[in-house]
Each structure stands twice: as C-alpha cells, then as structure tokens.
Amino acid sequence: MPDAIVIRPDMAKYRDVGRAVRAEMLRLTPLVEPLSIDEAFLDLGGTATLHGACPAQLLALLARRVESELGITVSIGLSDNKFLAKLASDFDKPRGFAVLSRSEAPSFLANKPVALLWGVGLATQRRLAADGITLIGQLAEFGERELAARYGRLGGRLARLARGQDYRAVDAHAPTHSISAETTLAHDEANAAALAQILWPLCERVSGRLKQAALAAGTVTLKLKTADFRLRTRSRRLSDPTQLAETLFRVASPLLAGEADGITRFRLIGVGADMLVDSRGADPPTLFERELGRAKRVEQAMDQIRGRLGEGSVRLGRDPR
C-alpha cells in the first residue's frame, strides 16, 4: 500500500501510559499482578467494603477514568478466578466489559475447543485429539484422577480448567514470566509475507523490553487469533537464551509459516519471550557466524544509535515502517 500512512510506535509513551493505568488500578487494590505493559490481574476481594461499591461498579469507574483522563479504552473481564477473567476480557474487545461466573463456566466452555484452555498448545491438542478429545466439554466428562493418570500433572490442571476452576492467587510481587507484544490488524490477513512483515517490529519491541529488564528468552512463542476468534499459540525452546530481535524473528518465522496457509485469515498476531532468565550469558557466539558475536554487536550498535537519535533513526531493510 504505497499511499498508507504509517505511524511509528512511541514505546516511551506506551510505557508512560501503561504506568498511569497501573496507578489507577492500584487506587482500587494493592493486589495488582502485571502480565505485560497493558494487561494485569486485580484481586478485588474486600474492596466493596473499602470503596462502598461492588467490583463491577469499581471496574466500570476505572474504565471511565482511564478513558476520560488518559484517552484510551480498556477491556475488562470479571470473574471468580484468573482463567475465567482472562477469557471474559477477550469477549468484546475493544472497550468491552464481560462477566463470567464460575457457575456459568461449565456450560459456556462445553462446546469450545480445547485450545482455549491455558497452556494447551499444538502438541497437547494433537495428544488430546488422538484420544478423541477436541472440546472442553469432553474433558469435563472425565474425573481429575482419570485425566491425571492419563496425562500426568497436565491432566489434573486440564480437568480443573474444563470446569472453570483455577486456584492461582493474584500475586502483586510475582516475577516476570514472559514479555510479549501483539497487534490487532486493521483487517483480517491471510498472506504469509504480509504477516511476516508485521512480525518483525513485534520482535524488535519484545527485544527492547528484554534488554530494558536485563532478561533473556528461553522460549519464543507465536500468538495468532483467527478471524473467528480462535487462538493459536506455537512455541519453540531455544538452545541458548536470547535478547536479540533477529533471533526472535528467526525462530518465530517458521512457526508463522506453519500456520499461514494463505487461506486462514488472522485478526491478531503476537510474539512472546517465555522461560525468562538473567541476561548474562545470553546470545553466545556460534560456530556458524562468520565473525563471532557479529549479530549481537550489530544490534547493540543499533540500540546505541536509537538511544541517541530516537526509535526510528535506524532500522533494518525488512522493517515495513
């Protein structure tokens, strides 16, 4: 699209607004567990007495304050636990507000694909499908002991999630488990090359956040959401942890190629860095580099230039911006 107007991301502004939204959350409760720059869990237990309003009212007021004072909208999911709240938050984006109670969860989940369950990737889907299980309702027909005997610890967790049960507490001091970036597309996209162009700046964004946090990725995860809102996640473990956008892109690209068949249309694409470790020892030189450490030094030089002259001052040829 030669006439397209491309607006470059302003990561400093994103961070500032993210902190402002977090401050609004903390006005409601100190129990805020951040997941990313723009997502968090809140434990609102006991806040009705403190603020004189029920959780739904408090969250509606939060959304109104954020929109009026910061000029952005939020999507909110309210439920009894993390799993259901996360599902509910995806129901009606953007500017959505959905409530999913624990009592409603089994019937709501029954006809949904197992891919909707937290932690169920392609390998687990195949394993379940080999046993004739493709829907969450089919999992719910089994007892927790039976699924645990068949699939180990994974089976026990799947049995609980299939019934809408999740006993994880909101941890305000939880360590960062992943760093990710994603974007909802202006229109549904099936073209693999176009999706790969969108993937690269997302890898750069995740790389920047890793470097800022002095962390490195042990696993790279690709996230896709189809036009009919089905979520796909594909992951690959790295032989050595990385902070480099180039490595993130190199690993995520074949994952994308395996999903972008030219027919399936996607409305969202994202990339994540998981199994995070301290950055010391990340990206060691390999025997296949013509010059040891070249890729790392190139990216460090680009980071230094951007630090002095701004985010858009230098970029690689594959960058579509």
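Predicted model only: the values in this text are computed from it and were never measured.

1. Focus: the confidence of the model for the protein chain
Note that predicted coordinates carrying low pLDDT should not be read in detail.
Now for step 1: Per-residue pLDDT for the protein chain has a mean of 86; in total, 86% of the residues score no lower than 70.
Now for step 2: Highest mean pLDDT in the protein chain belongs to strand β3 (residues 76-79) (96); lowest belongs to helix α12 (residues 294-309) (59).

2. Things to note about the nonpolar core
Now for step 1: L199, V206, L210, L256, I269 and V271 are the most contacted members of the largest nonpolar core, which has 29 residues in total.
Now for step 2: Elements with a minimum of two residues in this core: β5 (178-189), α10 (192-213), β6 (215-226), α11 (245-259) and β8 (266-274).
Now for step 3: Once residues lying within four places of it in the same chain are set aside, the contact partners of I269 are E182, T183, L185, L195, I198, L199, L202, L222, K223, L224 and L256.
Now for step 4: Ranked by size, the runner-up nonpolar core spans 23 residues in total, among them L84, L100, A105 and Y151.

3. Points about the pattern of salt bridges
Now for step 1: Per the counting criterion, the structure on display carries 16 salt bridges.
Now for step 2: The partner of E182 in a salt bridge is K223, with the nearest N and O atoms 2.9 Å apart. With E182 in strand β5 and K223 in strand β6, this pair connects stretches of sequence that are 41 residues apart.
Now for step 3: Of the residues examined, K223 reaches a relative accessible area of 21% and is grouped as partly exposed.
Now for step 4: Measuring nitrogen to oxygen at the nearest pair gives 2.9 Å for the salt bridge that ties R265 to D188. Separated by 77 residues along the polypeptide, R265 in the loop between α11 and β8 and D188 in strand β5 bring together distant segments of the chain.
Now for step 5: Residue R265 is classed as partly exposed on the basis of its relative accessible area of 46%.
Now for step 6: Put simply, E39, K86, D90 and K93 are held in one network by salt bridges that share partners.

Reading the values: the criteria
- Numbering of residues starts from 1 in every chain and runs along the sequence as written.
- Only residues with pLDDT of at least 70 get local features here, since the model is predicted, and only at 80 or more are side-chain atom pairs given and counted; chain-wide, interface and lining totals rely on the full set of residues.
- The side-chain figures draw on all heavy atoms in the structure; neither hydrogens nor water molecules are used.
- As a per-residue measure, pLDDT reflects the predictor's confidence and takes values from 0 up to 100.
- Runs of E in the DSSP output that reach at least two residues are strands. Runs of H or I that reach at least four are helices, and both are numbered from the N terminus.
- Among the buried residues, those of types Ala, Val, Leu, Ile, Met, Phe, Trp, Tyr and Cys that are joined through side-chain atoms within 4.5 Å form a nonpolar core.
- Here the term buried applies to any residue with accessible area under 20% of the maximum for its type, exposed to any over 50%, and partly exposed to those in between, with areas from a 1.4 Å probe on protein chains only.
- We call two residues in contact when some of their heavy atoms are within 4.5 Å.
- Definition used for salt bridges: Asp or Glu carboxyl oxygen within 4 Å of a side-chain nitrogen of Lys or Arg.

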